[in-house]
Structure formats: structure tokens, C-alpha cells
Amino acid sequence: AAGVIQSPRHLIKEKRETATLKCYPIPRHDTVYWYQQGPGQDPQFLISFYEKMQSDKGSIPDRFSAQQFSDYHSELNMSSLELGDSALYFCASSPSPNQPQHFGDGTRLSIL
Amino acid sequence: SQQGEEDPQALSIQEGENATMNCSYKTSINNLQWYRQNSGRGLVHLILIRSNEREKHSGRLRVTLDTSKKSSSLLITASRAADTASYFCATAMYNNNDMRFGAGTRLTVKP
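Not measured: the values here are computed from a predicted model.

Student: Looking at this structure, how should I read the overall build of chain A?
Tutor: When helices and strands are counted, chain A shows zero helices and 11 strands. Ordered by position from N to C terminus, the α and β elements of chain A give β-β-β-β-β-β-β-β-β-β-β. What you see for chain A is a C-alpha radius of gyration of 13 Å, in line with the 13 Å of a compact globule of 112 residues. By principal-axis analysis of the C-alpha atoms, chain A measures approximately 35 × 25 × 25 Å. The buried share of chain A, taken over its 112 residues, is 47%. Summarising the internal contacts of chain A: among those between residues at least 6 apart in sequence, 53% fall at separations of at least 24. Looking at chain A as shown, the accessible area adds up to about 5,300 Å², and 49% of this sits on carbon and sulfur atoms. Taking the average location of the 10 positive side-chain charges in chain A and that of its 12 negative ones, the two points are 4 Å from each other.

In C-alpha cells:
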């Protein structure tokens, strides 16, 4: 069965650079979520989209933005990267809000 | 602040024993979900229990929910070495599309 696809799997950037993470949800899933997980930490909700519209916002810094496109894939754009942005970034999708979420394997972002 | 808090933070047991993990939360919820995460991998959904349910089973998993105490427990029976992972509870509030995770319990099952 198709799963959530995230790219790239690993990304190395320097401070003050920008990064774009991509997420391809499971087909026919209309809700996409982004999470940030620091080392040894629990996943922190960043932002979610339902039917291509932003639906909820969590602890997402102003330096980050995200959108969901007409084909339902989503991108997380990160600017002015800081050392503290080093983390695993997960995307998840669900068939509808408040349903079990299916997670991708994440993008490991390292800031040097 | 985090919606869910879990205890214990770490649990080490022998294969065949039962493992119980607890989760507490602070606000009203629509449902509570348990997820499992192997090191460095994505989370895998285990079970969802709605606010009007008290107990749910799935294979060797048993989840209880006490909304009056704002707490839930996950019981894994007859544990296996392959159950070694971190387990997170997550709560979803009514009509919200954001899910809040607790701090997680690191379970180690020794063969």
C-alpha cells in the first residue's frame, strides 16, 4: 500500500540558509500535518492543511511557512535557518480530520 | 504546554511480561491515540479511542480511557523484543486538526 513520501530524507544546511521539505500524502487523504521532533523529544505539531487550506497552526516559527498544492502534496519552507532547527521533520496524512494519521519516515535536517 | 504527559519515561521488562504505559492530558478531547516509534523512524498508529469509549482492544494491545481523570493507559501483553520502541499518546480536540503528543515512554523488552 502507498505510504506518505517525504523528500529529501536527509538535508544539511548552514545557518541563515533556506530549506524546502516536500511531502506526498497517501492518495485520497485530504488532510496533511507537519511535525518537528528534536533529539529525544516528542513530536511538536507545526501546521495542518485540510483540502488545501490551512486548518490549524501549532508552534511553527514565523520563519517557516507551508502550503498544500492542487495535487495535495505539501511543502514546508524554512528560512533564516538556525542551529536549533536541526530536527526530524515529519509529515503525516489522514483520510479526514481527527482520523488516525499515517506518518512518513521524515526528513532529517541538520544545520551546521 | 504539552497536552499529554506520559509515565513512566522509560520502562524495561523481560520478554513475555506485560507493559503498562500511562498518559494524562489537560483539556477536553475528541479522541486519544497511541503511536509507536522506532528510533529515527516515523510514528505508526496503534489504536484510537474516542471520548465516549472506555476500553478498546487490538491484538495484544488494550487501551483504557478515563475522561473524568483525563488519563489513558496502554497495556501490551506478552511483550516481545520487537515491541522495543517509544510509545506516544496523542490527543485531538474536538474539530481541531492538530494533534498534541505526550513526551513518550521508551520501552525496552529484553529477550
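Student: Would you mind going over the pattern of salt bridges with me for this structure?
Tutor: Pairs can form between side chains of opposite charge once their charged atoms are near each other. Residues and elements named next belong to chain A. For the structure on display, the rule yields seven salt bridges over all chains. Notably, a salt bridge pairs Lys22 with Glu75, separated by 4.0 Å at the nearest N-O pair. Of this pair, Lys22 sits in strand S3 (residues 19–24) while Glu75 sits in strand S8 (residues 74–78), placing them 53 residues apart in sequence. Of the charged contacts in the structure, one is a salt bridge between Asp85 and Arg63, with a shortest N-O distance of 2.9 Å. Of the two residues, Asp85 sits in the loop between S8 and strand S9 (87–94) while Arg63 sits in the loop between strand S6 (53–57) and strand S7 (64–68), which places them 22 residues apart along the sequence. The network of salt bridges with shared partners includes Arg63, Glu82 and Asp85.

Student: It is not clear to me how the interface of chain B and chain A should be interpreted in this structure. Could you clarify?
Tutor: A common way to state how big an interface is: give the accessible area lost once the parts meet. On the chain A side, the residues contacting the 25 residues of chain B number 24 residues. In this assembly, chain B packs against chain A so that about 1,800 Å² is buried in total across both faces, 47% of it on carbon and sulfur atoms. Joining chain B to chain A, the criterion identifies one salt bridge. The salt bridge involving Asp105 of chain A is made with Arg41 of chain B; its shortest N-O contact spans 3.0 Å. Scanning the region where chain B abuts chain A turns up three residue pairs in polar contact (both at pLDDT 80 or more). Listed by contribution, the elements that provide at least two residues to the side of chain B that touches chain A are strand S4 (31–37), strand S5 (43–50), strand S9 (85–92) and strand S10 (99–101) of chain B. Here the residues of the side of chain B that touches chain A are counted per class, giving nine nonpolar, 12 polar and four charged.

Student: In this structure, what is going on with unusual backbone geometry? I would like to understand it.
Tutor: For residues that are not glycine, phi is negative in most cases, and the peptide bond is trans in most cases. Residues and elements named next belong to chain A. At the junction of Ser7 and Pro8, the peptide bond is cis and its omega measures out at -10 degrees in the coordinates. Positive phi, normally seen in glycine, also occurs at Glu51, with a value near 50 degrees. Along the polypeptide, Glu51 turns up in the loop between strand S5 (44–50) and S6. Backbone geometry at Lys52 places phi at a positive 75 degrees, although glycine is not the residue there. Classification of Lys52 by relative accessible area gives partly exposed; the value is 33%.

Student: Explain the pairing of S6 of chain A here, please?
Tutor: Both faces of the sheet carry side chains from a regular strand, because those side chains alternate between them. Residue and element names in this part refer to chain A. In terms of strand pairing, S5 meets S6 through four bridges, oriented antiparallel. Following the sheet pairing, Ile47 is matched in S6 by Lys57. Once S5 ends, the chain turns through two residues before running back antiparallel as S6, passing Glu51 with a positive phi of about 50 degrees.

Student: Please clarify how the side chain of Arg36 of chain B should be interpreted in this entry.
Tutor: Residues and elements named next belong to chain B. Structurally, the position occupied by Arg36 is in strand S4. Although buried, Arg36 forms no salt bridge, and the nearest oppositely charged side chain, Asp83, lies 4.1 Å from it. Looking at Arg36, its side chain comes within polar contact range of the main-chain oxygen of Ala82, at 2.7 Å. Once residues lying within four places of it in the same chain are set aside, the contact partners of Arg36 are Gly42, Leu43, Val44, Leu46, Ala82, Asp83, Thr84, Ala85, Ser86 and Tyr87.

Definitions and cut-offs
- Residue numbers restart at each chain and count upward from 1, following the sequence in its written direction.
- Just so you know, chain letters begin at A and ligand numbers begin at 1, following the order they were written in.
- Only residues with pLDDT of at least 70 are given local features in this predicted model, and only at 80 or more are side-chain atom pairs given and counted; all residues enter the totals for whole chains, interfaces and linings.
- To obtain the side-chain values, all non-hydrogen atoms of the structure were included, while hydrogens and water were left out.
- Think of it this way: any DSSP run of H or I at least four residues long counts as a helix, any run of E at least two long counts as a strand, and we number them from the N terminus.
- Within these notes, the globule rule equals 2.2 Å times the number of residues to the 0.38 power, and the radius of gyration is based on C-alpha atoms.
- Buried means the residue's accessible area, taken with a 1.4 Å probe over protein chains only, is under 20% of the maximum for its type, while exposed means over 50%, and partly exposed covers the values in between.
- Contacts are assigned to residue pairs with any non-hydrogen atoms lying within 4.5 Å of each other.
- Reported accessibility uses the Shrake-Rupley method at a 1.4 Å probe radius. Residues are deemed covered only where the shown protein chains occlude them.
- All tallies of charge rest on Lys and Arg as positive and Asp and Glu as negative; His and the ends of each chain are not included.
- Charge placement uses NZ in Lys and CZ in Arg. For Asp and Glu, CG and CD serve respectively.
- Any Lys or Arg side-chain nitrogen located within 4 Å of an Asp or Glu carboxyl oxygen qualifies as a salt bridge.
- Two parts placed together each lose some accessible area under a 1.4 Å probe, and the buried area is that loss summed for both.
- Whenever two N or O atoms come within 3.5 Å, that pair is a polar contact, provided that in protein one can donate a hydrogen and the other can accept it, and provided that, for residues adjacent in sequence, both atoms are side-chain atoms.
- For this scheme, ten residues count as nonpolar: Ala, Val, Leu, Ile, Met, Phe, Trp, Tyr, Cys and Pro. Four count as charged, namely Asp, Glu, Lys and Arg, and the remainder, Gly too, count as polar.
- Two strands make a pair as long as DSSP finds a minimum of two bridges between them.

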